[in-house]
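Inside the fold
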Amino acid sequence: MQSEVFSSSHPTLAAYRHELEVQAETGRLRRCRLVSPAPGASSSMQVQVDGRAVVNFSSNDYLGLAHDARLQAASVEALGQYGTGSAGSRLITGTGPLVQVLESTLAGFKQAEAALVFNSGYQANVAILQALLTPEDRVFCDKLNHASLMDGCLWSGARWSRYRHLDLAQLEARLQKAPVAARKWIVTDSVFSMDGDYPDLRALADLAESYQALLLVDEAHATGLYGDTRSSGLCEQYGVSGRVALQMGTFSKALGGFGAYVAGPRTLIDTLVNRSRGFIYSTALPPGVWAAALEAVRLVQADCTMKSRLWSNVRRLETLLRAAGLSAFVPSGAFRSAIVPFVVGDNVNTLALSDALLEAGYFVQGIRPPTVPPGTARLRIALSAAHTETDLQGLVTALRQGVDALSVEPSPA
Ligand SMILES: *Cc1c(COP(=O)(O)O)cnc(C)c1O
């Protein structure tokens, strides 16, 4: 008699189960939580986590665009006109008109010759690096770069070197040692996803030029948030858009949608079309997703109200944390992005504090190794234009109470 489901008594499964148990013992087990909109919510940050109504401080929807009526309308219209699927990869099935407009708009947005859309940020980074790097090449990475950049470098087979976080002196020493003739890429997040800090992109561009290296900058947490003219990201803010070979970014965070792009010289974009397996061998995004992205790119350039609201929330949280005597938990140099790390250090305490906040009505995700270095487990407070003054005050009150109840000390990290 065949059973309906695969038997969980298989010895290989027992081994996996044991590994999960070991992970759980050290506070490293992860699970997906059910998060849904709170009934009668007046903002997109009011959600239900495991059935409890809370304010969401774990969302990368920094501008509140994921629930914007203008994006929804654009997406619904494209859905009606073009259907739910793209039905194939772009080289086989063809490129739709919407993605063509999106790519030319992105090129202007990022002040580049051309742009190419990818299906997600993760896929883009892996696909770009695998396409551009060979085992003869050298690639230099900040140690805290996003996992997708690490995976792309690793899987490309290139000789790679990881320099200390933001340590451009160490990067320069590494560049000096590399053969002059070798092809060199420097790869960095602009805003770092778990720390919210960023490198001096002008100094990085100087360094790249001195050693004839090319720069790839990942603007996932910066697109839509920085730059006075177009809000295109940190490259614009530093005035280096024309000195960075490839500016990569996503639609999945501040732009409130899904998917990713890379902008740069036509030669590199053509190379990617011809070589990146993630582009060649994957079905294009659905047209409704392109339409939302296009609307978001137009909106962030035309309407600064959401961006101003976000930055005033960032400043307000800084003030409130200082007034509550909690500044020591936040590394110096924070409050320059929408991501505020509240560093606890210990994995178990981090989870306990996150649970206490949830009890109090605030969803702030605890981030543990290997996502962050050992001993630097933290709450990652993600701010949004959609948060209210009441949300911020309530969060800080709950943090103070949680820290006191658990006797958590600021971690020297
Ligand atoms: C989120 C993120 C990505 C991945 O983007 P997705 O669209 O979520 O796949 C890549 N790089 C960085 C720095 C990110 O934070």
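Please refer to the structure higher up on the page.
This section reports on the structure supplied with the text. (Residues numbered from 1 in each chain as written. Predicted model: local features only at pLDDT ≥ 70, side-chain atom pairs only at ≥ 80, totals over all residues. Heavy atoms only, no water.)

Okay, the pattern of salt bridges next. Side-chain pairs of opposite charge can arise whenever the charged atoms involved come near each other. Counted according to the given criterion, the structure contains 18 salt bridges. Here Asp68 and Arg70 are joined by a salt bridge, their closest N and O atoms 2.9 Å apart. Using a relative accessible area of 36% as the deciding quantity, one classes Arg70 as partly exposed. Arg70 is paired through a salt bridge with Asp303; the nearest N and O atoms lie 3.5 Å apart. (Salt bridge = Lys/Arg side-chain N within 4 Å of Asp/Glu carboxyl O. Buried < 20%, exposed > 50% of the residue type's maximum accessible area, 1.4 Å probe, protein only.)

Here we take up the packing of helix α7 (residues 168-177) against helix α8 (residues 201-210). The geometry of α7 relative to α8 is characterised by a closest axis approach of 11 Å and an angle of 10° between their N-to-C directions. Between α7 and α8, the angle is such that the two are roughly parallel. Across the interface between the two elements, Leu168, Leu171, Glu172 and Leu175 from α7 touch Ala203, Leu204 and Leu207 from α8. Looking at the contact of α7 with α8, its residues break down into 6 nonpolar, no polar and 1 charged. (Axes fitted to C-alpha atoms, helices over the stretch in contact; angles between N-to-C directions. Helix = DSSP H or I, 4+ residues; strand = E, 2+ residues; numbered from the N terminus. Parallel < 35°, antiparallel > 145°, perpendicular 65-115°, else oblique. Contact = heavy atoms within 4.5 Å. Nonpolar A, V, L, I, M, F, W, Y, C, P; charged D, E, K, R; others polar.)

Turning next to α7. The complete set of buried residues in α7 reads Leu168, Gln170, Leu171 and Leu175. End-on, the buried residues of α7 take up no more than an arc of 155°, which puts them together on one face. Those residues of α7 that are exposed and angled more than 90 degrees off the buried face are Ala169, Gln176 and Lys177. Summarising the contacts, the buried residues of α7 are in contact with β5 (138-142), β6 (159-163), β7 (184-189) and α8. Between the side-chain oxygen of the N-cap and the backbone nitrogen of Ala169 there are 3.2 Å, and the N-cap of α7 in question is Asp167. (Arc of directions from axis to C-beta. Polar contact = N/O pair within 3.5 Å; in protein donor to acceptor, adjacent residues only side chain to side chain.)

A word on a nonpolar patch on the surface. Taken together, the side chains of Tyr122, Leu154 and Trp155 present a nonpolar region at the surface, about 330 Å² in accessible area. Here Leu154 is to be found in helix α6 (residues 147-156). Of the residues examined, Leu154 reaches a relative accessible area of 47% and is grouped as partly exposed. (Patch = residues over 30% accessible without salt bridge, like charges linked within 9 Å, V, L, I, M, F, W, Y side chains within 5 Å. Areas by Shrake-Rupley, 256 points an atom, 1.4 Å probe, with all protein chains shown as cover.)

Glancing now at the sheet that holds strand β2 (residues 46-49). The strand order across the open sheet built from 4 strands is β1-β2-β3-β12, with neighbouring strands paired in mixed fashion. Only two strands of the sheet have a single neighbouring strand rather than two, namely β1 (35-37) and β12 (362-363). Sheet topology places strand β3 (residues 52-56) next to β12; 2 bridges connect them, and they run parallel. What sits directly across from Asn56, in β12, is Phe363. (Pairing = 2+ DSSP bridges.)

The environment of the ligand is made up of 14 residues, and the closest members are Gly121, Asp218, His221, Ser252 and Lys253. Between the ligand and Lys253 there is a distance of 2.7 Å, counted from an oxygen atom to a side-chain nitrogen or oxygen. Starting from 380 Å² of accessible surface for the ligand in isolation, the protein chains cover 86%. For the shell around the ligand, the leading source of residues is helix α5 (residues 121-132), giving 3 residues. Partitioned by chemical class, the residues of the shell around the ligand number 2 nonpolar, 9 polar and 3 charged. (Near = heavy atom within 4 Å.)

This part takes up the pairing of strand β9 (residues 246-250). The two faces of the sheet receive side chains in turn, since in a regular strand these alternate between them. Where burial is concerned, most of β9 is hidden: 5 out of the 5 residues are buried. Of the two faces of β9, both are covered, the one formed by Leu246, Met248 and Thr250 as well as the one formed by Gln247 and Gly249. In the sheet, strand β8 (residues 214-218) pairs with β9 via 3 bridges, with the strands oriented parallel. Each bridged residue has a counterpart across the sheet, and for Val217 the counterpart in β9 is Gln247.

Further remarks concern the layout of surface pockets. Estimates place the volume of the largest pocket at around 1,000 Å³. For the largest pocket, the lining is made up of 37 residues, of which Arg31, Ser58, Phe363, Gln365 and Gly366 are closest to its centre. Elements represented by at least two residues in the lining of the largest pocket include exactly β1, β2, α14 (347-360) and β13 (366-367). Across the lining of the largest pocket, the residue classes tally to 11 nonpolar, 17 polar and 9 charged. Its boundaries defined by the atoms lining it, the second largest pocket holds a volume of some 360 Å³. What lines the second largest pocket is a set of 16 residues, and nearest its centre among them are Leu144, Asn145, Ala147, Pro370 and Thr371. Of all the secondary-structure elements, those providing two or more residues to the lining of the second largest pocket are α6 and β6. In terms of residue class, the lining of the second largest pocket is made up of 9 nonpolar, 4 polar and 3 charged. (1 Å grid on protein atoms, 1.4 Å probe; cavity = no way out; pocket = protein on both sides within 12 Å on 5 of 7 lines; lining within 4 Å. Points joined across faces, edges and corners; volume = space filled by probe spheres on them.)

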